[in-house]
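Chain residues, written in single-letter form:
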Amino acid sequence: MDFTLKIWRQENRKAKGRFETYKISNISPDCSFLEMLDILNESLVDKLSHPICFDHDCREGICGMCGLYINGHPHGPDSAVTTCQLHMRKFSDGETITIEPWRAKPFPIIRDLIVDRTALDKIIQEGGYVSATTGGVPDGNAILISKHKADEAMDSASCIGCGACVAACKNASAMLFVSAKVSQLALLPQGKPEAAIRVQNMVAKMDDLGFGNCTNTYACEAECPKQIKRSNIARMNREFICAKVASEESTKR
Amino acid sequence: MNTLDSKIPEGQLSEKWTKYKASQKLVNPANKRKLDVIVVGTGLAGSSAAASLGALGFNVKIFCISDSPRRAHSIAAQGGINAAKNYQNDGDSVDRLFYDTIKGGDYRAREANVYRLAEVSNSIIDQCVAQGVPFARDYSGMLDNRSFGGAQVSRTFYAKGQTGQQLLLGAYSALSKEIKAGTVEMYERREMMDLVVVDGRARGIITRNLQNGEIERWGAHAVVIATGGYGNVYFLSTNAMNCNGSAAVQCYHKGAFFANPCFVQIHPTCIPVKGDYQSKLTLMSESLRNDGRIWVPKKIEDAVAIREGKLKPTEITEEDRDYYLERRYPAFGNLVPRDIASRAAKERCDAGYGVAPSGYGVYLDFKTAIERLGRDKVEARYGNLFQMYEKIVDVDPYENPMMIYPAVHYTMGGLWVDYELQTTIPGLFATGEANFSDHGANRLGASALMQGLADGYFVLPYTMQNYLSDQIYESKVSTETEEFVVAEKSVKEKLEKIMAIKGEKTVDTLQRELGHIMWEYVGMGRNAQNLQKAIPMLEDLKKEFWSNVRVTGDLTSLNPELEKAVRLADHIELSQIIAKDALQREESCGGHYREEFVTEEGEAKRNDQDFMFVGVWEYKGKDQEPVMHKEDLKYEFINVQQRNYK
């Protein structure tokens, strides 16, 4: 298969970016999207130019490191996959493909298609955990959790932190990401003691870092490679309101 | 010569760890605050260690090669984590888990370390539950278990097909809590470039900031290496693209010994290689072998017809299928350990029965399971894996059998450590896949997660205190000393040298050549002739790298080509000791299979008389032959037997 690629190039955070056009031919339909970029990069190195920088690691859809905005969609046209799981057979021969980085104020561009997503870690650091230190915990079966609740928590916990939800959102909202963590821990008995503090602190940090409000259009859900449900956002809103109204606890730790 | 002291505590096996903990030295809280610890790597082993040490009150700095600890490749582990809880009442115990692990490792692991691993396994499950890890539950609300290769009990805890992800996110959450508390400082997009040794002790590291190329110095009272394994020397493996053995090689060069480098695990159930553009191989969880049946056609003409696309697997009748694992190993069937399942697949394909277009592939079939359990149940158990397979291969595994082939997956070898997980350099500790300690010559499924977390949560927080108790008199480590200056300078020179070569071959081309040599001559089936061929080939490749590699870009900005080149240089060195170690080990054991040493039935034949030792390699300098030392393995509590899964 042959393709024309329009790719965003930007030297560093401060430099001005631009699209550059590349032609690539003889690509197998079984080639993954990132392998196609590997082939392009190898040809660029052959020509002594700087290869296109993009984040990637596990290449099996679980680490959340890769993330390209392809033809206007985070992770491209296929559903429920990350960029590394996208294959060229999903495109038509001769197609022009536009490749951009995630675009959101809290994700500054580091180089080309690589963005800085440490803002997501900063939100987790505000309370996306149970404050259990190592040792002195009860037996695993001392805490009973219904299968239904455990499965529901697992669904929320399967977020890979790639940031596609932020990239998909017109407001660059991180609500789906934050609500997935809030939900996982609110559903489980282990997370209950800190639930009210957690949701308030995480939401405050999210706002503080410049992520926008929910648009209620659910583009995040539609583009999420792990199919995290928007009902998480509803649960987080409920948790947040209850915490604000009913909680007498301070949000200070 | 350095004598290898494994520091195994005296006494009965079951009392060693208890006794150690009762007699080790501790550090009081006021002094903990004055002691600095560096952790390199943020996977299960690194994150759990940093979180636990931070919670104790030490000053911890942790270095991450990616943008976040959650990217570490522990996240990709699918199947589960073992523990000796015996919740199923099926006869499990600490002794049984210990025995299975030693036997699975083909009697090449240390008894005391493995026993401790089995002992602390139960605490790991409790710890993870307390963190909010959503393990699978049954309808009573209790934790559920599944079975795994090499065991006859159900002791594997799991969270869908994403157990590694959930455990890593648990460790990451514990780490995030400590970062918030200020006990751990996190440095992302940093790669370790060298270890700094002062007066014989590990005192810090040199890193490269991958975003801007800055070379940085960091001092500490102790350093922990938790950088995973070196499976990527084979180019195609199930490892992530950033996984590398560079940190371990740097430590090896600075005097840490490297143990059992030839023990590499080839995982039997991966998606076969498709084309030469391929960048990595995808694992299909071992848990699939619980219900999937592995087969190839009985008639060679059927295999040929399938390869040519003239026949479909579904058209082959039951009597014309060879379920070769069930045939050869009736007791364990499709659940034999990984090394055995891998070799059996290779044996069938080498004999001409392979079914992939390349000839290297066998079937993993769920037809019987779907008939027995119904499609819904199969979907509930393996749905995400089936989806992953279909996305990659574009074939529906509910209708057609999956095609699988073995691929490099895990390295049992690693930095040599004693019972305290300390290397031969005082103050340098190695943990998780980066050390060699617990899996012998073959690792059982669901044991890597167990070991990474055991080391980080429950072993290092004790053993490191024993070391650090002597360090309270040492002031903060200055990074202005001669040793740091020299280390930084040599890193800069090495990088400049690589950039200056401006040769003809890209890093990926050379990496592929390395992978080819390693897979063909130092791969699944090894023999003296091929190994002797590989050694000069690797020497030539090393020369070619240092004279003909092409790295574009510059030193002072983000430059993935340079990152890959540095790792490749180290991988070639590692490959050389892998080949040498494989050559000296004239026996077949676990993942190391020497074609000259087999039983009449073609099974691996161990030589306990001459090779019941750990092969421990010492670096002697550039252009010098490394020297191998032996740590003899003594089995005092276990009856050593020939492994038998029939």
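A quick note: this is a predicted structure, and the numbers were derived from the prediction, not measured.

1. Quick word on the sheet that holds strand E8 (residues 215-219) of chain B
Residue and element names in this part refer to chain B.
Item 1. Judged by pairing direction, the sheet is antiparallel, and its 3 strands sit side by side in the order E6-E7-E8 without closing on themselves. A strand with exactly one partner marks an edge of an open sheet, and here the two such strands are strand E6 (190-198) and E8. Each neighbouring strand pair of the sheet contributes to a mean axis angle of 25°, computed without reference to strand direction.
Item 2. Pairing of E6 with strand E7 (residues 201-209) involves 8 bridges; the strand directions are antiparallel. If you follow Val196 over to E7, its bridge partner there is Gly204.

2. What to know about the interface of chain A and chain B
Item 1. Counting residues at the interface gives 76 residues for chain A, matched by 76 residues for chain B.
Item 2. Where chain A packs against chain B, one counts 10 salt bridges.
Item 3. A salt bridge links Asp55(A) to Arg189(B), with the shortest nitrogen-to-oxygen separation between them at 2.8 Å.
Item 4. The tally of links between chain A and chain B comes to 48 residue pairs in polar contact (both at pLDDT 80 or more).
Item 5. Only helix H1 (33-46), strand E6 (109-111), strand E7 (114-115), helix H2 (118-125), helix H3 (147-157) and helix H5 (175-187) of chain A provide two or more residues apiece to the side of chain A that touches chain B.

3. Here's the deal with the domain arrangement of chain A
All names here are of chain A.
Item 1. The domain boundaries assigned to chain A delineate domain 1 (3-111) and domain 2 (118-246).
Item 2. In this structure, domain 1 and domain 2 have C-alpha centres spaced 29 Å apart.
Item 3. Between domain 1 and domain 2, the contact holds 17 residues from the first and 19 residues from the second.
Item 4. A buried area of about 1,300 Å², summed over both sides, lies between domain 1 and domain 2, and 63% of it is on carbon and sulfur atoms.
Item 5. It is Pro74, Pro106 and Phe107 that lose the most area in domain 1 upon contact with domain 2, and together they represent 35% of the buried surface on that side.
Item 6. The interface formed by domain 1 and domain 2 contains 3 residue pairs in polar contact (both at pLDDT 80 or more).
Item 7. Residue composition of the side of domain 1 that touches domain 2, by class: 11 nonpolar, 6 polar and no charged.

4. Considering the sheet that holds strand E10 (residues 258-259) of chain B
Residue and element names in this part refer to chain B.
Item 1. Read from one edge to the other, the open sheet built from 4 strands follows the order E16-E10-E20-E21, with strand pairing classed as antiparallel. Edge positions in the sheet fall to strand E16 (414-415) and strand E21 (627-632), since each of these pairs with one other strand and no more.
Item 2. Two elements, E10 and strand E20 (residues 613-618), share 2 bridges in a ladder whose sense is antiparallel. Bridge pairing in E20 places Phe258 opposite Trp617.

5. Here we look at the domain arrangement of chain B
Residues and elements named next belong to chain B.
Item 1. Along its sequence, chain B is organised into domain 1 (267-409) and domain 2 (482-611).
Item 2. Facing the 10 residues of domain 1 at the interface are 11 residues of domain 2.
Item 3. For the pair domain 1 and domain 2, the two sides together bury roughly 780 Å², of which 57% comes from carbon and sulfur.
Item 4. Counting the surface domain 1 buries against domain 2, the share from its top three residues, Asp339, Arg343 and Lys346, is 51%.
Item 5. Seen at the junction of domain 1 and domain 2, the total is 1 salt bridge.
Item 6. The tally of links from domain 1 across to domain 2 stands at 3 residue pairs in polar contact (both at pLDDT 80 or more).
Item 7. When the residues that make up the side of domain 1 that touches domain 2 are grouped by side-chain class, the tally is 4 nonpolar, 1 polar and 5 charged.

Conventions used here
- Residues numbered from 1 in each chain as written.
- Chains lettered and ligands numbered in written order.
- Predicted model: local features only at pLDDT ≥ 70, side-chain atom pairs only at ≥ 80, totals over all residues.
- Heavy atoms only, no water.
- Pairing = 2+ DSSP bridges.
- Helix = DSSP H or I, 4+ residues; strand = E, 2+ residues; numbered from the N terminus.
- Axes fitted to C-alpha atoms, helices over the stretch in contact; angles between N-to-C directions.
- Contact = heavy atoms within 4.5 Å.
- Salt bridge = Lys/Arg side-chain N within 4 Å of Asp/Glu carboxyl O.
- Polar contact = N/O pair within 3.5 Å; in protein donor to acceptor, adjacent residues only side chain to side chain.
- Domains from an automatic or database assignment.
- Buried area = accessible area lost by both parts, 1.4 Å probe.
- Nonpolar A, V, L, I, M, F, W, Y, C, P; charged D, E, K, R; others polar.

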